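Here is how the chains run, residue by residue.
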Amino acid sequence: MTAEINNYQLKKEIEELKKVKDAIILVHNYQPLEIQSIGDIIGDSLQLAQEAAKAKSSIILMCGVKFMAETAKLLSPQAKVLLSHIEAGCPMADMITAEELRDYKQQHPDIVTVCYVNSSIGVKAESYICCTSSNAVKIVQSIPEDRNILFVPDQNLGSYVAHSLKRKIDVWKGYCNVHHHFITMDDVNRVRHEYPGYKLLVHPECPPEIVEEADLVASTKGIADYVAANDYAIIGTEYGMYEQLQHRYPQKHLQPLSVNAICKNMKKGSLKDVYTVLRDEINEVTIEPEIAKKALKALNRMLEI
Ligand code: 13P
Ligand code: SF4
């Protein structure tokens, strides 16, 4: 294959490899549009996990970040799971280690730990139950009122859940840099002024003062569902979500809340990388069986709810 191969040829080659290798490609909503164009499923973390759980393919190629590929491997252990770019991680997931969580649990032996799926396998293994941004409220609600809860690692999602349920929850001080620092109240004030009548849709990883201003707080799937049914919206999450929706619905009136909210990790892979990863079956994700067993329990508890 020559270096000048264009995207059209790459897509054809990838489609061919998918058939020959019995592979499925799962793509997160924040991925570049060229990668979304070859996805079998494009969705939020929960959708990708659910698709991985029911996948029968020999290979799952995850175009997203590491925790998403690890989740797919846990739920589909028989498949070879590949990650589109070996260095695509989630810095928030690294804001708590399994050791730190173990220490916290030792000091608070009665605590029930709920971990956001944006976490390491080790942290999942130390947690009682997992959640995603689309089901976090429901998951916490399933825990009896008299139990004390620690929510890790995202302080903003944890605070949003606590506020929604009017329940006291201990929250770890992690955050997503993209939502926490690159979406600001100045952005909110500007779009409210420039686009009156537009609904403000924000991801719960945004800080509380922004969540408070929103007309809808939802996962990336929730945001996409709203836009499918409505014509005027401000997209308050990573910029790739706006790009996807703008591409899907060019006739609708959509604006990004912040053009600076770009997740560098989600943009690491290219179509060429996807092709190479699938062709050479590189970037395979493996998980130590003992940890996998424990982490899977937390994930399955979530999927049962
Ligand atoms: P979603 O599950 O809403 O797609 O969010 C994942 C994520 O990483 C948000 O930053
Ligand atoms: Fe992680 Fe934030 Fe990127 Fe989502 S947007 S993958 S939480 S760094």
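Just so you know, these numbers come straight off a predicted model, no measurement behind them. Position numbers for residues start from 1 in each chain and track the written sequence from start to end. Think of it this way: whatever chain is written first is A, whatever ligand is written first is 1, and the rest follow in order. Owing to the predicted nature of the model, reporting of local features is limited to residues with pLDDT of at least 70; listing and counting of side-chain atom pairs is limited to 80 or more, with chain, interface and lining totals taken over all residues. To get the side-chain values, all heavy atoms of the structure are used, and hydrogens and water are removed first.

## Things to note about empty space enclosed by the protein
Filter applied, for reference: For cavity detection a 1 Å grid was placed over the protein atoms alone, and a set of points counts as a cavity when a 1.4 Å probe fits there but cannot get out; an open set counts as a pocket when protein lies on both sides within 12 Å along at least five of seven lines, with lining residues being those that have an atom within 4 Å of a point. Grid points are joined across faces, edges and corners, and a volume is the space filled by probe spheres set on the points. Comment: elements are numbered from the N terminus, with helices defined as DSSP H or I runs of at least four residues and strands as E runs of at least two.
In the structure shown here, the tally under the stated rule is 1 cavity of 30 Å³ or more. Ser45, Leu48, Ala49, Met62, Phe67, Met68, Thr71, Ala72 and Val117 together form the lining of the largest cavity. Going through the elements one at a time, helix H3 (45-54) and helix H4 (66-75) are the ones with two or more residues in the lining of the largest cavity. When residues in the lining of the largest cavity are grouped by element, the largest group, 4 residues, is from H4.

## With respect to the packing of helix H1 (residues 7-21) against helix H14 (residues 271-280)
Here is the rule: Fitted lines through C-alpha atoms serve as axes, helices being fitted only where they are in contact, and the angles separating the N-to-C directions of these axes extend from 0 to 180 degrees. Angles are sorted into four bins: roughly parallel if under 35 degrees, roughly antiparallel if over 145, roughly perpendicular if 65 to 115, and oblique for all others. The handedness criterion is simple: a crossing whose near helix is rotated anticlockwise from the far helix by less than a right angle is left-handed, and one whose near helix is rotated clockwise is right-handed. The contact rule is simple, with two residues in contact once any of their heavy atoms fall within 4.5 Å. Three classes are used, and their members are as follows: Ala, Val, Leu, Ile, Met, Phe, Trp, Tyr, Cys and Pro are nonpolar, Asp, Glu, Lys and Arg are charged, and the others, Gly among them, are polar.
Relative to each other, H1 and H14 sit at 25°, their axes nearing to 10 Å. Taken as axis vectors, H1 and H14 run roughly parallel relative to one another. Once H1 is placed against H14, the crossing between them reads as left-handed. From H1, Asn7, Leu10, Lys11, Glu13, Ile14, Leu17, Lys18 and Lys21 reach across to H14, where they touch Leu271, Lys272, Val274, Tyr275, Leu278 and Arg279. Looking at the contact of H1 with H14, its residues break down into 7 nonpolar, 1 polar and 6 charged.

## Section: the layout of surface pockets
The calculated volume of the largest pocket comes to roughly 430 Å³. Lining the largest pocket are 30 residues, with Cys90, Pro91, Cys176, Val178 and Cys263 positioned closest to its centre. Counting residues per element, the ones that place at least two in the lining of the largest pocket are H4 and helix H9 (177-181). For the lining of the largest pocket, the leading source of residues is H9, giving 3 residues. A class-by-class count of the residues in the lining of the largest pocket yields 14 nonpolar, 12 polar and 4 charged.

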